[in-house]
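Results of the structural survey
Single-letter residue listing:
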Amino acid sequence: MPYWNGARCLGWVASLALLVGCGGDGDARQAATISGQVLLDGAPLSVGSIQLTSPKTGESASANLDSDGRYSVTFPKADVGADYEVTLGPPVEDDLDATALMENPPEKVRSLIPKKYTDRTTSGLKTTLEAAGENQFNVELLSR
């Protein structure tokens, strides 16, 4: 009978260890924000958006630039210590209602952003996410 009690106790301990080991999503990544200013030839780029992408996970986030070229992008679960690839493009439209867009289409605005900065493979822009929390990354673009 003592063997049975020892085996039962061992079974309970193993079950408890499995339950404790399986708790939570196991993703210890913390939230981080990257903010800064985008300049084109030394002047704030007031129309556009910035997108940051983790090549490690493929996760990306974007934000429109304000009139001073400033932006703030938040990753709920960031890859701290990793590089993020950066691209710039036209402003992101929040209104995705197709009927509203047909009735009131957005004005066509000529983009000032040089084409090379619109693609991750050609932009040459990247930043390393140094820490969880607040991070700074200013972007200086050249039109030539």
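I will try to describe carefully the structure that is included in this document. (Residues numbered from 1 in each chain as written. Predicted model: local features only at pLDDT ≥ 70, side-chain atom pairs only at ≥ 80, totals over all residues. Heavy atoms only, no water.)

1. Some thoughts on the sheet that holds strand β4 (residues 60-64)
What counts is decided by this rule: Only strands that DSSP links by at least two bridges are regarded as paired with each other. Where helices and strands are cited, they refer to DSSP runs of H or I of at least four residues and of E of at least two residues respectively, numbered from the N terminus. A fitted line through C-alpha atoms serves as each axis, taken over the contacting stretch for helices, and the angle formed by two N-to-C directions is quoted from 0 to 180°.
What the 4 strands build is an open sheet, ordered β4-β3-β6-β7; its pairing is antiparallel. Each edge of the open sheet carries a strand with a single partner, namely β4 and β7 (126-128). Each strand axis lies, on average, 25 degrees off the axis of its neighbour in the sheet, ignoring direction. Both strand β3 (residues 49-53) and strand β6 (residues 83-89) contribute to a ladder of 5 bridges, which runs antiparallel. Its bridge partner lying in β6, Gln 51 is registered against Thr 87.

2. A look at the pairing of β4
Where we set the bar: Residue exposure (1.4 Å probe, protein chains only): buried if accessible area is under 20% of the type maximum, exposed if over 50%, otherwise partly exposed.
Along β4, the buried face is formed by Ala 61 and Ala 63; none of Ser 60, Ser 62 and Asn 64, which line the opposite face, is buried. Summarising the sheet, β3 and β4 pair through 5 bridges and their orientation is antiparallel. Bridge pairing in β4 places Ser 49 opposite Asn 64. The hairpin turn running from β3 into β4, its antiparallel successor, is 6 residues long, and Gly 58 in that turn takes a positive phi close to 85 degrees.

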